[in-house]
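Here is what each chain is made of, one letter per residue.
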Amino acid sequence: MILVYVDHDRGELSELSLQAVALGRSLAEPDEPVDALVVGGSALEAAGSLAAYGITTVHLAVHDALTDYTPVASARAAAELAARLAPRAVVAIGDQRGNEVMAHLGAITDLPVAADCTEVTLGDPTQVVRARWGGNLIEQGLLHAATPLLTLVPHTVRADAPGDGVGQIEEFTPELTEADLLVRVVDRVAESHGGISLTDAKVIVSGGRGVGSAEGFGLLEDLAGLLGGAIGASRVVTAAGWRPHDEQVGQTGTKVSPDLYIACGISGASQHLAGCHTSKTILVINNDADAPIMAHADYAVIGDLHKILPAIIDATRTAKAG
Ligand SMILES: Cc1cc2nc3c(=O)[nH]c(=O)nc-3n(C[C@H](O)[C@H](O)[C@H](O)COP(=O)(O)OP(=O)(O)OC[C@H]3O[C@@H](n4cnc5c(N)ncnc54)[C@H](O)[C@@H]3O)c2cc1C
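Residues numbered from 1 in each chain as written. Predicted model: local features only at pLDDT ≥ 70, side-chain atom pairs only at ≥ 80, totals over all residues.

Some thoughts on the overall build of the protein chain
Scanning the protein chain from terminus to terminus reveals eight helices and 14 strands. Its C-alpha atoms give the protein chain a radius of gyration of 21 Å, near enough to 20 Å, the size a compact globule of 322 residues would have. Expressed as lengths along the three principal axes of its C-alpha atoms, the size of the protein chain is roughly 60 × 40 × 40 Å. The buried share among the 322 residues of the protein chain stands at 43%. Considering only intrachain contacts with a sequence separation of at least 6, the fraction spanning at least 24 residues in the protein chain is 66%. (Helix = DSSP H or I, 4+ residues; strand = E, 2+ residues; numbered from the N terminus. Rg over C-alpha atoms; globule rule 2.2 N^0.38 Å. Buried ≥ 20, exposed ≤ 12 C-beta atoms within 10 Å, placed from the backbone. Contact = placed C-beta atoms within 7 Å.)

In structure tokens:
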């Protein structure tokens, strides 16, 4: 059996949650059960919907203290379940939360963790290919463990469409100590960009140093508004305080894979590309025809973004009005 850690946000499953399920199913032998661990009673409805995505049994960890993301307690619940079910592997999506929970699970169980895999062949030993250093180094590795713990780089697999699977939910209450609950979400601050989150956006209008100032992002906001998109930023921009940190795209920011990524005044450092190179289409607006990001552009407009963006905004408004 394959055990999948399926994350959720206060009961809401995301595209990445469903990619975790697709990962588990891709590793299972025909007819091998794929079970899921979902943590927190708020996810009861979400847990029920997982059957349609091919989960055999959803193990719902319920406890008075599990009201929001609680990484160590989630790992403790996973360890308890893994000891009981003896799965062939425990897998999760390698976003920040998935990697954090699996790291704690490794520490609790003393099992080896291979994070940020791009390919996995379960066996004895398990073979993995991993993206290291933001994707600059591709590593092939062997894992000698009865139950390897694995996370997969987001967007390496596609989430399946729901089918007509019939699964079951089994609730259990993990044994938790106070130490397991020390790290937990105690407050939420609304995202500054409101509405569409970076990871869900189909269109991202992203700005770098070339935008020149916080005020310069007004043009990017206008275009994102017209296209129903979200704003992204390079680290130079978030470090300068022009935009909030939750908008940073890259190795130390959010990893995104929208249909359209519009990179305005971004040079294309490897640490930035690590977060956006899987975008389906990349449009670059840059005044340097030799900027490294050009190598990843599907389309490029060479010139001053302060002149090009107003022209694109006008053309988009005209097209929408027509
Ligand atoms: C450990 C580590 C982690 C990192 N993590 C991240 C990360 O997660 N995300 C990230 O983004 N960076 C990250 N960085 C930083 C990264 O190395 C780069 O410094 C950063 O991405 C550069 O940002 P930029 O492209 O906005 O700026 P620059 O590299 O300065 O590029 C600015 C670009 O704007 C263009 N430009 C200037 N004026 C205009 C104009 N008027 N019109 C059009 N184009 C113009 C220039 O030609 C240039 O190409 C990390 C670095 C390290 C060491």
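Observations regarding the site of the ligand
Taken together, 28 residues surround the ligand, and among them Gly208, Gly210, Arg235, Gly250 and Ser267 come closest. Put simply, the parts of the chain that give the shell around the ligand at least two residues each are helix H6 (235-239), helix H7 (270-273), strand S13 (281-286) and helix H8 (305-321). Among the elements that line the shell around the ligand, the one with the most residues is H6, at three residues. Among the residues making up the shell around the ligand, the classes are represented as eight nonpolar, 16 polar and four charged. (Near = placed C-beta within 6 Å. Nonpolar A, V, L, I, M, F, W, Y, C, P; charged D, E, K, R; others polar.)

Re the sheet that holds strand S10 (residues 203-207)
One open sheet holds the five strands; their spatial order is S11-S10-S12-S13-S14, and the pairing between them is parallel. At either end of the open sheet lies a strand with only one pairing partner, and these are strand S11 (230-233) and strand S14 (299-302). Across the sheet, the mean angle separating the axes of adjacent strands is 20° when strand polarity is ignored. Summarising the sheet, strand S12 (residues 260-264) and S13 pair through five bridges and their orientation is parallel. In the strand pairing of S13, alanine 263 is matched with valine 284. The strands that helix H5 (residues 217-227) touches are S10, S11 and S12; relative to S10, the one it contacts most, it runs at about 175°. In this fold H8 packs onto S12, S13 and S14, with an angle of close to 130° to the strand it touches most, S13. (Pairing = 2+ DSSP bridges. Axes fitted to C-alpha atoms, helices over the stretch in contact; angles between N-to-C directions.)

Focus on the packing of helix H3 (residues 71-85) against helix H4 (residues 96-109)
Put simply, H3 and H4 touch, their axes get as near as 8 Å, and they point 55° apart. Our classification of the angle between H3 and H4 gives oblique. Judged by the twist between their axes, the crossing of H3 over H4 is right-handed. Contacts between H3 and H4 involve Pro71, Val72, Ser74, Ala75, Arg76, Ala78, Ala79 and Ala82 from the first element and Glu100, Val101, His104, Leu105, Ile108 and Thr109 from the second. (Parallel < 35°, antiparallel > 145°, perpendicular 65-115°, else oblique. Left-handed = near helix turned anticlockwise from the far one by under 90°.)

Some points on the environment of arginine 158
Here arginine 158 lies in the loop between strand S8 (149-152) and strand S9 (168-172). Its 10 C-beta neighbours within 10 Å are what place arginine 158 among the exposed residues. The sequence separation of arginine 158 and glutamine 19 amounts to 139 residues, and the corresponding C-alpha distance is 5.8 Å.

Thoughts on the domain arrangement of the protein chain
By convention, interface size is frequently given as the accessible area that disappears when the constituent parts associate. Assigned domains within the protein chain: domain 1 (2-181) and domain 2 (203-321). For domain 1 and domain 2, the distance between their C-alpha centroids amounts to 33 Å. Contacts between the two partners involve five residues from domain 1, matched on the other side by seven residues from domain 2. Within the side of domain 1 that touches domain 2, the residues separate by chemical class into one nonpolar, four polar and no charged. (Domains from an automatic or database assignment.)

Overview of the sheet that holds S9
Taken in spatial order, the nine strands line up as S7-S6-S5-S8-S4-S1-S2-S3-S9 in an open sheet, and their pairing is mixed. Each edge of the sheet is formed by a strand with only one pairing partner; in this case those strands are strand S7 (137-143) and S9. For this sheet, the mean angle separating the axes of adjacent strands, direction not counted, is 35°. One ladder, built from three bridges, connects strand S1 (residues 2-5) with strand S4 (residues 89-93); its direction is parallel. Note on S4: the bridge partner recorded for isoleucine 2 is alanine 89. Contacts between H3 and the sheet are confined to S1, strand S2 (34-39), strand S3 (57-61) and S4, with S2 contributing the most and set at about 150° to the helix.

Quick notes on unusual backbone geometry
That bond from aspartate 124 to proline 125 is cis: its omega, 5°, falls within 30 degrees of zero. Mapped onto the secondary structure, proline 125 falls in the loop between strand S5 (113-121) and strand S6 (126-132). Here alanine 86, not a glycine, exhibits a phi torsion of approximately 45°, which is positive. Note that alanine 86 resides in the loop between H3 and S4.

Some details on the packing of H5 against H8
Close contact between H5 and H8 brings their axes to 10 Å; oriented N to C, the two are set at 25°. In terms of orientation, H5 and H8 fall into the roughly parallel class. Crossing geometry of H5 relative to H8 is assigned as left-handed. Contacts from Leu219, Asp222, Leu223, Leu226 and Leu227 of H5 reach H8 at Leu309, Pro310, Ile312, Ile313, Thr316, Arg317 and Lys320. The residue inventory of the contact of H5 with H8, partitioned by class, reads eight nonpolar, one polar and three charged.

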